[in-house]
Amino acid sequence: MEFLQPVMLWGLLALALPVIIHFWYQKKGVTLDWAATRWLTGITNQQQRGLRPDELLLLLLRCLLVVFLVLLLSKPMADFLKLNQKKHIVHLVQPDSKLVNNFRFELEDALKKGEKVYWAAPSGSEAKDLSDLPKVAHSELYLQKNINRLSKPETELHLYVVNQNKLANLPRFDVPQDFKLHALTDIIIEELPKVTGLNGKKMTVLIDYQDASESRTVEAALDALAEVYGISFAKDISFDPKTKYDWILTDQKITNYYAHTLYVISENTISQVLPENVVQFPDSLLLRTSEIVQNGALPEWLGAAMISHLKLDIREIPLSRSQLETLFVRSKPLDSRSADQLYQYLLLLFMVTLLAERWIALKKTAARDYA
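Just so it is clear, the structure is predicted and the values come from calculations on it, not from any experiment.

Digging into the overall build of the chain
Phase 1: Scanning the chain for helices and strands turns up 12 helices and 13 strands.
Phase 2: Considering the chain as a whole, with its 371 residues, one finds that 35% of them fall into the buried category.
Phase 3: Relative to all contacts within the chain whose residues are 6 or more apart in sequence, the contacts with residues 24 or more apart total 68%.
Phase 4: When the accessible surface of the chain is split by element, carbon and sulfur atoms take 57% of a total near 23,300 Å².

Structure (structure tokens):
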């Protein structure tokens, strides 16, 4: 439970007032002898001995009045009224072929489970067949519209978006419910071999690491990079002084730097000011030590280093994960209808308690007046 005005909870200290007033009136007054009432002394003392049940009930009702009043003023918000309802998962996907192919297993599994899958399109059509993608230009512009349409208290929204820099130029996306973000980082290069001027020529690469497993990790990352962008690599695992390398990946110290060569050096082997064509990796490229290897992001990271060095024509530069997550914000922590319903229940309890307290108090007063 959350409160919009939590400072009002200090009002619960007022619970002490009904208790203090109750026991204040239980104090024994000064006894005055009067002939007309001496015959009633025994009966009166017998009736007033101890606390009567109606007084305890009245005290409890007055304490509850204070509690309900404080809760009403503090404006509680809680979603426990819907805890027993099962969450329905809904998927909203940008109609991008690479995005769909990347998350095809998740989306097909969702369709098999009977979960709804929708395209981020002007019409927001439901996806029956993942191969039938609607043709939508600038589909990111329709994300907020479809988020608003699909947002319901009983649903959990899964968002599938292409991580592109142009998302940062849009207003933030407000998601008024639980959601999960799935993003595809897509660095798109216009015909990379042609742009680099290689024209089918292989890039000569030296992979020189002391640990053989580290060499295999880097080699596998280059193979993945070659498969995505169609680049051919001629790889060496030992230095050849006669070869003019385009790319050197190593954990060894370099004595001579060549301006045309891209160097990726790991494990803090150097610490001085580096030339522009040298990229220093903070640790080793081993699965057990490198988070970037564990996350499978090494090919992407190496590709970004190569793109920067070759000054390629990049159509889109992706946002970092933290930047992307700041663009999608849960705007309302709780359902407003649930909060209004809770407020109405509290108000009803307050009114019923007030009526019960007034009825018992008036009944007690009438009984004392006619005693």
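Considerations on the confidence of the model for the chain
Phase 1: Looking at the chain, pLDDT values average 77 and 74% of them are 70 or higher.
Phase 2: When the elements of the chain are averaged for pLDDT, helix α7 (residues 192–196) gives the smallest value, 44, and strand β4 (residues 116–119) the largest, 94.
Phase 3: Throughout residues 186–197 the model reports pLDDT below 50, and contacts reaching past four residues in sequence, or to other chains, amount to 33 contacts.

Some remarks on the sheet that holds strand β12 (residues 278–280)
Phase 1: One open sheet holds the five strands; their spatial order is β9-β8-β10-β11-β12, and the pairing between them is parallel. Each having just a single partner strand, β9 (233–236) and β12 make up the two edges of the open sheet. Taking each pair of neighbouring strands and ignoring which way they run, the sheet shows an average axis angle of 15°.
Phase 2: As paired strands, strand β11 (residues 262–265) and β12 are joined by three bridges and run parallel to one another. Each residue of the ladder has a partner; that of Ile265, found in β12, is Gln280.
Phase 3: Sitting on the sheet, helix α8 (residues 212–229) touches β8 (203–208), β9 and β10 (247–250), and the angle it makes with β9 is about 175°.
Phase 4: Of the strands in this sheet, β8, β10, β11 and β12 are in contact with helix α10 (residues 298–310), which crosses β11 at around 145°.

A look at the packing of aromatic side chains
Phase 1: The final tally for this structure, using the stated rule, is five aromatic pairs.
Phase 2: Across the ring face of Tyr118, the terminal group of Arg149 is positioned such that the distance to the ring centre comes to 5.3 Å.

Quick look at the pairing of β9
Phase 1: Note that β8 and β9 share four bridges and pair parallel. Opposite Val205, over in β9, you have Lys235 as the bridge partner.
Phase 2: Once the chain exits β8 it traverses α8 before rejoining the sheet at β9, and the crossover so formed is right-handed.

Describing α10
One full turn of an α-helix is made of 3.6 residues, so residues set three or four places apart face in the same direction.
Phase 1: End to end, α10 covers 18 Å across 13 residues, agreeing with the expected 18 Å (1.5 Å per residue, within 8%).
Phase 2: Residue Lys311 follows α10 closely and has a positive phi angle near 55°.

Describing the packing of α8 against α10
Phase 1: Where α8 meets α10, the closest approach of the two axes is 9 Å, and the angle between their N-to-C directions is 70°. Here α8 is positioned roughly perpendicular relative to α10, judged by the angle of their axes. Judged by residue contacts, Thr217, Ala221, Leu222, Ala224 and Leu225 of α8 engage Leu298, Pro299, Leu302, Gly303 and Met306 from α10.
Phase 2: Along the lines of polarity and charge, the residues of the contact of α8 with α10 split into eight nonpolar, two polar and no charged.

As for the nonpolar core
Phase 1: Counting 22 residues, the largest nonpolar core has Leu222, Phe233, Trp247 and Leu249 as the members making the most contacts within it.
Phase 2: For this core, the secondary-structure elements that each account for two or more residues are β8, α8, β10, β11, α9 (291–294) and α10.
Phase 3: In contact with Phe233, not counting residues within four places along its chain, are Lys202, Met203, Val205, Leu222, Leu225, Ala226 and Trp247.

Some thoughts on α8
Phase 1: Over its 18 residues, α8 extends 26 Å from the first C-alpha to the last, a length consistent with the 26 Å expected when each residue adds 1.5 Å.
Phase 2: Looking at the packing, one finds that the buried side of α8 touches β8, β9, β10 and α10.
Phase 3: At the exit of α8 stands Gly230, carrying a positive phi of roughly 70°.

Examining the environment of Thr217
Phase 1: Among the structural elements, Thr217 can be located in helix α8.
Phase 2: The class of Thr217 is partly exposed, set by a relative accessible area of 22%.
Phase 3: A sequence separation of 69 residues divides Thr217 from Leu286, and the C-alpha atoms of the two residues are 7.1 Å apart.

Regarding a nonpolar patch on the surface
Phase 1: A cluster of nonpolar side chains, contributed by Met8, Leu69 and Leu73, occupies part of the molecular surface with about 240 Å² of accessible area.
Phase 2: Tracing the backbone shows Leu73 in helix α3 (residues 53–74).
Phase 3: The exposure class assigned to Leu73 is partly exposed, which follows from its relative accessible area of 45%.

Some remarks on the pattern of salt bridges
Phase 1: Taken as a whole, this structure holds 10 salt bridges when the rule is applied.
Phase 2: Across the pair Arg104 and Glu108 runs a salt bridge, and its minimum N-O distance is 3.6 Å. With Arg104 and Glu108 both in helix α5 (residues 104–112) and four residues apart, this pair spans about one turn of that helix.
Phase 3: Classification of Arg104 as partly exposed rests on a relative accessible area of 27%.
Phase 4: Of the charged contacts in the structure, one is a salt bridge between Asp223 and Lys235, with a shortest N-O distance of 2.6 Å. Taken together, the residues Asp223 in helix α8 and Lys235 in strand β9 connect sequence positions 12 residues apart.
Phase 5: Among the residues examined, Lys235 registers a relative accessible area of 28% and is labelled partly exposed.

Reading the values: rules and limits
- Residues numbered from 1 in each chain as written.
- Predicted model: local features only at pLDDT ≥ 70, side-chain atom pairs only at ≥ 80, totals over all residues.
- Heavy atoms only, no water.
- Helix = DSSP H or I, 4+ residues; strand = E, 2+ residues; numbered from the N terminus.
- Buried < 20%, exposed > 50% of the residue type's maximum accessible area, 1.4 Å probe, protein only.
- Contact = heavy atoms within 4.5 Å.
- Areas by Shrake-Rupley, 256 points an atom, 1.4 Å probe, with all protein chains shown as cover.
- pLDDT = per-residue confidence, 0-100.
- Pairing = 2+ DSSP bridges.
- Axes fitted to C-alpha atoms, helices over the stretch in contact; angles between N-to-C directions.
- Phe/Tyr/Trp six-rings, centres within 6.5 Å; stacked < 30°, edge-to-face > 60°.
- Lys NZ or Arg CZ within 6 Å of the ring centre and 35° of its normal.
- Right-handed = clockwise from strand over helix to strand, strands pointing away.
- Expected span 1.5 Å × (residues − 1).
- Parallel < 35°, antiparallel > 145°, perpendicular 65-115°, else oblique.
- Nonpolar A, V, L, I, M, F, W, Y, C, P; charged D, E, K, R; others polar.
- Core = buried A, V, L, I, M, F, W, Y, C linked by side-chain atoms within 4.5 Å.
- Patch = residues over 30% accessible without salt bridge, like charges linked within 9 Å, V, L, I, M, F, W, Y side chains within 5 Å.
- Salt bridge = Lys/Arg side-chain N within 4 Å of Asp/Glu carboxyl O.

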